[in-house]
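Coordinate inspection notes
What follows is each chain in one-letter form.
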Amino acid sequence: MKLISLSMRNFMPFRGEQKVVFPTKPGQNVMVVLGNNMRGKTSLLNALRWGFYGIAKGRHLRDIPLHLLHNTDAGLDGDWEMEIAIQFEAEGFLYDLRRRAIKKKLVTIPGKPDDFEVTLQLQRDGMAMTGEQIEPEINRFIPKQVSRFFLFDGELLQEYESLLIEGSDQGKHIKEAIEQVLGVPALINGRTESGTLLKKARKQLSSELSHLKVAEKDLEKQREYQVKSDAYENDLQKLRDTLKKTKDDRALLDDQIEECESVYDAKQKLDEFERQRDRIIKEIERLNIDKLELVSNAWRDLLRPKILARREKLAAEQRRLMNQIQHRTSIENEAHQLRKILELSICPTCGQTVSQTRHDEVNSRLGALEIELQAKGGEQDSFSSISAEIDKLNKITTQEVGERIRDKDNQINRFEVELTKLENDIEKLRDEIKGHDTAEITRKRFIRDSLIKEQAKIETEVSTTQKQLETIKQELDIIARKLSNLPQARTARSSVLVDTYEGIEKAFSESIDSLRKNLREQVEERATEAFRMMTTQKAYSGLKINKNYGLSIIDEADRVIQVRSAGAEQVVALSLIDGLSRTGRSNGGPVVMDTPFGRLDLQHRDNILRYLPTTTSQLILLVHDGEISPKTDLAPIADRIGMTYIINESGPRHSVIERTAL
Amino acid sequence: MIIQEPNQIGIGEVAHVKLKKLHEDRHFAEMRDAYRFAIALALAHGVVPKDITGSRQNIYSVATVDPDQSLYTAIKALINTGDTPVYRWAERLADWGVIEMSKRADEGTLDIGQILKESETLSLE
C-alpha cells in the first residue's frame, strides 16, 4: 500500500486548499517535512488520521473534538467546510478517500462536534463504494488498531519507553494496547465467555443435585460462596469503574493543568515576587524610620564643623588667659617675697641683713611689679566665661549621625533599585496571567492531587477485593469438583456441559499463554533485527522481551545492560515499534514519524535513516531543525529522499505547506 | 543691657507652608526637626538673614524647639546677634533654611546625608 497524495481544506492550521504529494518510486520512498514547533507537523499527521479513521489526537494521545479541527480563520470568514482527501494505491487499485465535515445549516457558530455533518466517500478505480464497505476496506490495508505504529509521534515514543519500567501504570496500558493490536483479546474474550458458560452449567448442576441429602452441606456452602462471589464481583466492577473514572478525570486535569502550567508558574512567581516586594517595602519603611530618627539630631552634625572651629578659637583664648593667669600668679609671688624682704631687711635665702643698695633695688622692682599687676586683671572671669561656653559647645557636638544617615540612604537606595526591578517583573507577570483564572488553576491542582490519592486508595481496594474473589473462586471450584464427582452427578444432564465448558476454558487459557509467547517471540525477533541495524554499539547482541513487551538490551554474554542512555532508550523504543508494526501488519505499508529523533546522536540518526526506509513502503519524516539538520543529517539518505516539504507560518492560525529542496 | 528673649518662636507664612510640606513629604519625622535643621543649615552657610518679610507666625514654644538651649548656644557662638534676641535670629535663620530646603526638595536634591557632608567643606570657607 502506498500513499499518493493528501489534500487538506481548512484543516487545523492549513487554511484553504493545500496538497501534499507522496514519493512513490521504490528507490526514493522517503519524504521529509520540515517545520518548526507549532507550525503544523502534528496536524499533518492528524490529517491522515482523521482522513482514514475520523479521529485526531492531541496531547497525551487524547482525541481532539471535531469542531476544534476546523481552521479558525476560515470560520471567521464564514467558510465552515473542512475536507481531507487521500489518494492511495493498494493491490493494484487506485483509491480516493474523502472525509468532509460541513457546519449544519441551523448552527450559527459550531461549538461542539455535533454541529458538523460528516460524510465519508471511497472510490476504487473511480467506482464509489457503499457506506458499510468503506471502513472494512480501509482496515484491510491500514488497520486502525495498528495505526499507532505507523502514524506515531515523539510522545508515543516516550510512552513506549515506559514499557521498560516494570510494573509501571502506563506500561500496563500499553501492554493492553499492544495485545489489542496483536489479537490477544479475542482469546481473552473466549476464555471469559467459556468461564461464564461454565458458571451457568455449574449452577444448573447444583440445582439438579439439590434434592440429594449427601450434597446438602456442600450446596449450602456453595450458595454462600456464590453470594459472596457475586457481591465481590459487583464491588470489583464498581471499583474498576470508579478507578477508570478517577484516572480519566485525573488525566483530563493533568492535560488542563499542563496547558496552563506556564500561567501557574507565572502566578507562583508573581506571588513570590509580591511577597518579596512587600518585604522590601517594609524594610524601606523601617530604614526610613531609623533614618528620620537620626535626622532629628542631624542639625547638630550640620553645625559641628563651625562649632568645632569656634571651640578651637575659644580654646586658644582659654590657653592665652591661662598663661596670663599663671604669669600674674608668679608676679604676685615675687611681689610677696619682695615685700617680705623690705619688711624684715633679711634675705630669705641666706639669712643675712639686706644692704641699703639691695633694699633700694628691691623697692624699685616691687614698684614695677605692682604697676604690672595693676595693669592686668579680669583674666580669671574671662577664663571662666570661656570655659562655660566651651562646655556648652561640647554638648552640642556630642552627636555624629551624618555617616549613619548616609549608610541608611545607601541601603534604602539599594532596596529601591531592587523594588523597581521587582515591580517591573510583577507587571510583566501580571500581563502574562491576564485573562486567566489562576484561582481555578490552583483549584484544579488541588483536585488533581486529591484524585492521585484517591486513585492509589482505589487501586489497593481493587487488589484486595481481587484476592478475596480469587480465594472464593478457588473454594467454589473445589466444591464444584466435589459435586460433579458425586455418582449421582454423573448422570445429570448439566454434568456434560460442565465438563465441556471446563475443557473449553482450559483450552482458551492455554491458547492465550501460547499466543502471547509466540507474539512476544516474534516481536522480540523483529525488534532485535531492527535494533541491530539501528544501534551504534556493536557489543550489544540484541533485545530481550519481558511480559509487558518491554525490551532489555543484551550484551555478547547474554547479560542485561542495566544502565542505558536516553538515546539508547529511544533506539529500543523505535525497535519495538518497528517490531510491533511488522508483527501487526502483514504488508509493510507507509510509516509517518513525527519528531522521532529528539535525543539521538548523529550516528544513530544515520543508522535509523538508512534502516527504516528498507522496512516500509514509504517513510514520511516530520522533523524540526532542532532535531535534524536537513543539509548534513539527511546526506546519507539523500538519494532515497523523493520529496521534501516545508511548513511555513503564514499567520498565527495559518500555515502553508510547500515543496522545497534540501 | 538685658535682652528679653521671646517665649514663642515662629517663621514666615510662606516658609511655614513649605515647612509643613517638608514634613508631609517625609523628609523629617517632625516639623520641629525640620525647623531646627533649617536654622543649622543657615548657620552652616554663614547666612546673615534679613527680617522675615510678610506675616510671621508663632509655631512653637521655645521650650519645645530648644529644650536644652543648644540652639541658643550655637547661634550665640556663631553669630553676633547684637541687641536682637537670639530666638528672633533663630526665626530668620529658620525662614531662610526652610526656603532653601524646600527649593532642593522641589528639585529632588534634598539629601540630608549629602548636606551634612557639604557642611564639612563649608566650614573651611
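Data block above holds the structure.
Residues numbered from 1 in each chain as written. Chains lettered and ligands numbered in written order. Predicted model: local features only at pLDDT ≥ 70, side-chain atom pairs only at ≥ 80, totals over all residues. Heavy atoms only, no water.

In this section: the overall build of chain A. Of regular secondary structure, chain A possesses 19 helices and 14 strands. Taking all 662 residues of chain A together, 44% fall into the buried category. Considering only contacts in chain A between residues 6 or more positions apart, those separated by 24 or more positions represent 73%. Here chain A has roughly 35600 Å² of accessible surface; of this, 50% comes from carbon and sulfur atoms. (Helix = DSSP H or I, 4+ residues; strand = E, 2+ residues; numbered from the N terminus. Buried < 20%, exposed > 50% of the residue type's maximum accessible area, 1.4 Å probe, protein only. Contact = heavy atoms within 4.5 Å. Areas by Shrake-Rupley, 256 points an atom, 1.4 Å probe, with all protein chains shown as cover.)

Moving on: the overall build of chain B. On a plain count of helices and strands, chain B comes out with six helices and two strands. In chain B, the order of α-helices and β-strands from amino to carboxyl end is β-α-α-β-α-α-α-α. By residue count, 50% of the 125 residues in chain B fall in the buried class. Excluding contacts between residues fewer than 6 apart, the proportion of contacts in chain B whose partners are at least 24 apart in sequence is 81%.

For the structure shown, the criterion picks out 11 aromatic pairs over all chains. Positioned over the ring face of A:Phe93 is A:Arg124, at 4.5 Å from the centre of the ring. Taking NZ or CZ as reference, B:Arg92 lies 5.2 Å from the ring centre of B:Trp89, over its face. (Phe/Tyr/Trp six-rings, centres within 6.5 Å; stacked < 30°, edge-to-face > 60°. Lys NZ or Arg CZ within 6 Å of the ring centre and 35° of its normal.)

Our next topic: the interface of chain A and chain B. On the side of chain B, 28 residues touch chain A, which itself brings 23 residues to the contact. Inspection of the region where chain A meets chain B yields two salt bridges. The residue B:Arg26 makes a salt bridge to A:Glu285 at a minimum N-O spacing of 3.3 Å. Here chain A is connected to chain B by six residue pairs in polar contact (both at pLDDT 80 or more). Sorting the residues of the side of chain A that touches chain B by element identifies helix H9 (261-295), helix H10 (298-344), helix H12 (379-396) and helix H13 (402-433) of chain A as the ones contributing at least two each. A total of 10 residues in the side of chain A that touches chain B trace back to one element, the largest contributor, which is H10(A). For the side of chain A that touches chain B, the class distribution of residues is 12 nonpolar, two polar and nine charged. (Salt bridge = Lys/Arg side-chain N within 4 Å of Asp/Glu carboxyl O. Polar contact = N/O pair within 3.5 Å; in protein donor to acceptor, adjacent residues only side chain to side chain. Nonpolar A, V, L, I, M, F, W, Y, C, P; charged D, E, K, R; others polar.)

Turning next to the environment of A:Ser345. Residue and element names in this part refer to chain A. Assignment of secondary structure puts Ser345 in the loop between H10 and helix H11 (356-375). Ser345 gets classed as partly exposed once you look at its relative accessible area, which sits at 27%. Separated by 14 residues in sequence, Ser345 and His359 place their C-alpha atoms 7.4 Å apart. Look past the residues within four positions of Ser345 in its chain and what remains in contact with it is Lys340, Gln352, Thr353, Val354 and His359.

Moving on to the pairing of strand S13 (residues 641-651) of chain A. As defined by bridge partners, strand S3 (residues 30-34) of chain A adjoins S13(A) across five bridges and the pair is classed as parallel. Bridged to A:Leu34 within S13(A) is A:Ile646. (Pairing = 2+ DSSP bridges.)

The subject of this paragraph is the side chain of A:Glu274. All names here are of chain A. The residue Glu274 is located in helix H9 in this model. Among the residues examined, Glu274 registers a relative accessible area of 19% and is labelled buried. With near-sequence residues (within four places) excluded, Glu274 lies in contact with Ile426 and Arg430.

Before going further, it helps to spend a moment on the pattern of salt bridges. All names here are of chain A. Scanning the entire structure with this criterion turns up 55 salt bridges over all chains. Arg275 is the partner of Glu272 in a salt bridge, and the nearest nitrogen-oxygen pair spans 3.1 Å. Remark: Arg275 and Glu272 occur in helix H9; sequence separation between them is three residues, near one turn of the helix. Exposure remark for Arg275: the relative accessible area of 46% places this residue in the partly exposed category. Sharing partners across several salt bridges, the network here consists of Glu81, Glu83, Asp96, Arg98 and Arg100.

What follows covers the side chain of A:Asp555. All names here are of chain A. Within the secondary structure, Asp555 is located in strand S10 (residues 551-555). Within polar-contact distance, the side chain of Asp555 engages the backbone nitrogen of Ala557 at 3.0 Å. A polar side-chain atom of Asp555 sits 2.8 Å from the main-chain amide nitrogen of Arg559. When near neighbours in sequence (up to four residues on either side) are disregarded, Asp555 contacts Ala539, Tyr540, Ser541 and Ile561.

Residues and elements named next belong to chain A. A positive phi is found at Met12, a non-glycine position, where the angle reads about 45 degrees. Even without being a glycine, Asp125 presents a positive backbone phi close to 50 degrees. Here Asp125 shows up in the loop between strand S6 (116-124) and strand S7 (127-128). Note on Asp125: relative accessible area 45%, which makes it partly exposed.

Attention now goes to the nonpolar core. Formed by 89 residues in total, the largest nonpolar core has its most connected members in A:Leu6, A:Met8, A:Phe52 and A:Phe88. Apart from the residues within four sequence positions on either side, A:Phe52 is in contact with A:Met1, A:Leu3, A:Ile86, A:Phe88, A:Leu97, A:Arg99, A:Ile138 and A:Ile142. If you look at the next biggest cluster of nonpolar residues, it comprises 57 residues, including B:Phe37, B:Ala77, B:Val98 and B:Met101. (Core = buried A, V, L, I, M, F, W, Y, C linked by side-chain atoms within 4.5 Å.)

On to the pairing of strand S11 (residues 590-594) of chain A. Residues and elements named next belong to chain A. For S11, the tally of buried residues reaches five of five residues, placing the bulk of the element in the interior. What you see with S11 is no split at all: Pro590, Val592 and Asp594 on one side and Val591 and Met593 on the other are buried throughout. In terms of strand pairing, S11 meets strand S12 (residues 618-623) through five bridges, oriented parallel. Paired with Asp594 across the bridge in S12 is Leu622.

Attention now goes to H13(A). Under the 1.5 Å per step criterion, the end-to-end length of H13(A) is 46 Å for 32 residues, consistent within 8% with the ideal 46 Å. Turning to H13(A), the residues buried within the fold contact H9, H10 and helix H14 (438-484) of chain A together with helix H6 (112-122) of chain B. Directly after H13(A), the chain includes A:Gly435, whose backbone phi takes a positive value near 85 degrees. (Expected span 1.5 Å × (residues − 1).)

Here the focus is the sheet that holds strand S4 (residues 81-90) of chain A. Residues and elements named next belong to chain A. Here we have six strands laid out as an open sheet, ordered S2-S1-S4-S5-S6-S7, and antiparallel in their pairing. Unpaired on one side and paired on the other, strand S2 (14-21) and S7 mark the two borders of the sheet. Pairing of strand S1 (residues 2-11) with S4 involves seven bridges; the strand directions are antiparallel. In the strand pairing of S4, Met8 is matched with Ile84.

Taken together, the buried positions of H6(B) are B:Ile112, B:Gly113, B:Ile115, B:Leu116, B:Ser119 and B:Leu122. Summarising the contacts, the buried residues of H6(B) are in contact with H9, H10 and H13 of chain A together with helix H2 (31-44) and helix H5 (86-107) of chain B. Measuring from the backbone nitrogen of B:Gly113 back to the side-chain oxygen at the start of H6(B) gives 3.1 Å, which picks out B:Asp111 as the cap.

Turning our eyes to something else, we now look at a negative patch on the surface. Residue and element names in this part refer to chain A. Residues Glu423, Glu427, Asp431 and Glu432 make up a contiguous surface patch of negative charge. Along the polypeptide, Glu427 turns up in helix H13. Classification of Glu427 as partly exposed rests on a relative accessible area of 44%. (Patch = residues over 30% accessible without salt bridge, like charges linked within 9 Å, V, L, I, M, F, W, Y side chains within 5 Å. Lys, Arg positive; Asp, Glu negative; His and termini not counted. Charge placed at Lys NZ, Arg CZ, Asp CG, Glu CD.)

The next subject is the packing of H9(A) against H14(A). Residues and elements named next belong to chain A. Contact geometry for H9 and H14: axes closest at 10 Å, N-to-C directions at 105 degrees. Classified by the angle their axes make, H9 and H14 are roughly perpendicular. Contact with H9, carried on its side by Glu261, Val263, Tyr264 and Lys267, involves Thr438, Ile441, Thr442 and Arg445 of H14 and no other residues of that element. Class assignment of the residues belonging to the contact of H9 with H14 gives a composition of three nonpolar, two polar and three charged. (Axes fitted to C-alpha atoms, helices over the stretch in contact; angles between N-to-C directions. Parallel < 35°, antiparallel > 145°, perpendicular 65-115°, else oblique.)

Bringing the packing of helix H1 (residues 13-24) of chain B against H5(B) into the picture now. All names here are of chain B. Look at H1 against H5: their axes get within 9 Å of each other, and the N-to-C directions meet at 50 degrees. For the element pair H1 / H5, the angle class is oblique. The two elements H1 and H5 cross, and the hand of that crossing is left-handed. Touching Ala15, Lys18, Leu19 and Leu22 of H1 are Asp95, Val98, Ile99, Met101, Ser102 and Ala105, all from H5. Counted by class, the contact of H1 with H5 contains seven nonpolar, one polar and two charged residues. (Left-handed = near helix turned anticlockwise from the far one by under 90°.)

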